[in-house]
Structure formats: structure tokens, C-alpha cells
Amino acid sequence: MIRIILLILLAVLHTPAFGEESVSIKLTPETIERGSALFTQYCSGCHGLKFHKGAAPPALDPQAAEAAFGVAPPDLSLMASARGRGDDGAEYIFRLLTSYYTKDGQTRNKAFAEETKTDGAIAMPPPIPMDDPALKEKAADISAFLLSVSDPTAEERLSIGPWVLSYMGLLTAILYLLNRYTWKGVKKKLKS
Ligand code: HEC
């Protein structure tokens, strides 16, 4: 029994993707900082972050943007929460940035197609070129940054999760041993 508990404990602690989904969106101070710089470089021309402290308004004013693209680029402060729970919204942004393709000469996007249940014709041109060799890393950092903007406590939650679980595992093991120790004496007495 104790071996089973220890094995489960080990399995939990050794899962590398713990607290993450298929895409590795890691909320660390480094990814968030890189994501913030990349956001300024690739996104802030069109998108604002009006609920983010110290963020500048988008370079392009919303009306001019609407005239240019047909749709005004939405403010992204709360987007990572609006498009899914936990880190699902950040994953969506990651997929959005990495799933552009062209069909009949038109820009389409797979993630956008699934989200909007349309053919995926999107008014946003690919912000990061699809052939950028660092596309995935950049998209993951930007998604992490946008998740930290929309959900400032997410980083803390994701980072204490594994500690809480190990603590509970340890407590379980101690209580199990204590329980065995307590009953040992009783069982002996009953036998004699
Ligand atoms: C050239 C202007 C432009 C740039 C640069 C740009 N966007 Fe957009 N973005 C748009 C427009 C326009 C829309 C509205 C698209 C639509 O609804 O068809 C949009 C929509 C979005 C959406 C919402 C999609 C949805 O599900 O409704 C997200 C998320 C997004 N952009 C993220 C980003 C990120 C992240 C970057 C930087 C890596 C970026 N955008 C750069 C113009 C831009």
C-alpha cells in the first residue's frame, strides 16, 4: 500500500507537462517579459491593452483600423480569459497565431474557423510570418503574456499547484504510516 502511494506521488511529480496543456505555454517571469516585448513589436500597432497598467494605446486608431481591415481590432486585455477557461484562452491565442493558411488567395485561419464556426476568413493578417523559424516560441511567449494580463493570479496558481499536491501526498503517506503504527499495538493485543 505504501509503495502504491509513493509510486503515485512520483508519477505526479515527474509529469513534465504538469499544469500545462498540449502547447507549452509557460507562465514564468521570463516568458511574460519576452511576451510583453514581442507584443509591443508585433501586436501593439493594432491592438490595445486598456486594462494593463502602463500600456500605450494602439498605434493605429480603432476607426482607421476598422476602415483598413473591415473589423476593428479588439482590445486584448481580457482576450485570454474571454476565449477559454484556465489556460485554454492562451492556447487559443497560440493556435490563432500559428494556424494561418491561404485558400483561393484568401487569408484563412484554422483556430479562428473553429472558434467562430465559419470558414476561417479572418480580418487580421498573420502578425508573425508563418515561416518565422521562431514562430512557435514567439506565439507561446505572447500567449503567456496575454494570459498574465487578463488573469494576473494565474502565474501564482500554476506555480503553487505542484507544491500543494506534493504536500498532500506527503501528508497522506505520514497519516498512513501513523495509522499503521497505531493499529499495530491494538492488533497484537487482540491476537494474544
Ligand atoms: C495589422 C493589424 C493587426 C495586428 C498587427 C495584429 N492584429 Fe490581431 N486582430 C486584428 C483584426 C482586424 C482583428 C479582428 C479579426 C476578425 O474578427 O476577423 C484581430 C483579432 C485578434 C484576436 C481575436 C480573434 C477572435 O477570436 O475573435 C486576437 C486574439 C488577436 N487579434 C491577437 C493578436 C496578437 C496576439 C497579435 C500580435 C502577435 C495581433 N493580433 C496583431 C488586427 C491586427
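Now for a look at the structure at hand. (Residues numbered from 1 in each chain as written. Predicted model: local features only at pLDDT ≥ 70, side-chain atom pairs only at ≥ 80, totals over all residues.)

Concerning the overall build of the protein chain
Here is the rule: Secondary structure follows DSSP: runs of H or I at least 4 residues long count as helices, runs of E at least 2 residues long count as strands, and numbering of each begins at the N terminus. Here exposure depends only on C-beta density: within 10 Å of a residue's C-beta, 20 or more other C-beta atoms make it buried, 12 or fewer make it exposed, and intermediate numbers make it partly exposed, the C-beta atoms being placed from the backbone. We call two residues in contact when their backbone-placed C-beta atoms lie within 7 Å.
From N to C terminus, the protein chain includes eight helices and two strands. Walking the protein chain from its N terminus toward its C terminus, one meets helices and strands in the order α-α-α-α-α-β-β-α-α-α. The principal-axis extent of the C-alpha atoms belonging to the protein chain is close to 90 × 40 × 30 Å. Out of the 192 residues belonging to the protein chain, those deemed buried represent 25%. The long-range fraction of contacts in the protein chain, counting pairs at least 24 apart against all pairs at least 6 apart in sequence, stands at 63%.

Side note on the site of the ligand
This is how it is decided: By definition, a residue lies near a molecule or strand when the C-beta atom built from its backbone is within 6 Å of it. Residues are grouped as follows: Ala, Val, Leu, Ile, Met, Phe, Trp, Tyr, Cys and Pro are nonpolar; Asp, Glu, Lys and Arg are charged; all remaining types, including Gly, are polar.
Neighbouring residues of the ligand: 24 residues in total, closest C43, C46, A123, M124 and P127. Elements with a contribution of two residues or more to the shell around the ligand: α5 (88-98) and α6 (110-116). Here the residues of the shell around the ligand are counted per class, giving 20 nonpolar, two polar and two charged.

Side note on the nonpolar core
As a reminder of what qualifies: The term nonpolar core refers to a set of buried Ala, Val, Leu, Ile, Met, Phe, Trp, Tyr and Cys residues connected through C-beta atoms within 7 Å.
In this structure, A90, I93, F94, I142, A144, L146 and L147 are the most contacted members of the largest nonpolar core, which totals 27 residues. Among the elements of the structure, α2 (29-42), α4 (79-82), α5, α6 and α7 (135-150) are those that each provide at least two residues to this core. Here the element with the most residues in this core is α7; it accounts for eight residues. Contacts of I93, omitting those with residues within four sequence positions, involve M79, A80, S143 and L146.

As for the environment of K53
Positionally, K53 belongs in the loop between α2 and α3 (62-69). Considered as a pair, K53 and V149 are 96 residues apart in the sequence and their alpha carbons are 9.1 Å apart.

So, the environment of L78
Along the polypeptide, L78 turns up in the loop between α3 and α4. On the neighbour-count criterion, L78 (18 C-beta atoms within 10 Å) is partly exposed. With 70 residues separating them along the chain, L78 and S148 place their C-alpha atoms 9.8 Å apart. With residues up to four places along the chain from it excluded, the contact list for L78 reads F51 and S150.

Examining α7
Rules: The length a helix should cover is 1.5 Å for every residue beyond the first.
Under the 1.5 Å per step criterion, the end-to-end length of α7 is 22 Å for 16 residues, consistent within 8% with the ideal 22 Å. For α7, the buried fraction is high: 13 of the 16 residues fall into the buried class.

Section: the pairing of strand β2 (residues 106-109)
Stated formally: Two strands make a pair as long as DSSP finds a minimum of two bridges between them.
Relative to β2, strand β1 (residues 100-103) runs antiparallel, the two being bridged by four bridges. Residue pairing across strands places K103 opposite Q106, the latter belonging to β2.

Describing α5
Within α5, 10 of the 11 residues are buried, leaving the element largely enclosed by the surrounding structure. Within the span of α5, buried status applies to G89, A90, E91, Y92, I93, F94, R95, L96, L97 and T98. If you follow the buried residues of α5, they end up packed against α4, β2, α6 and α7.

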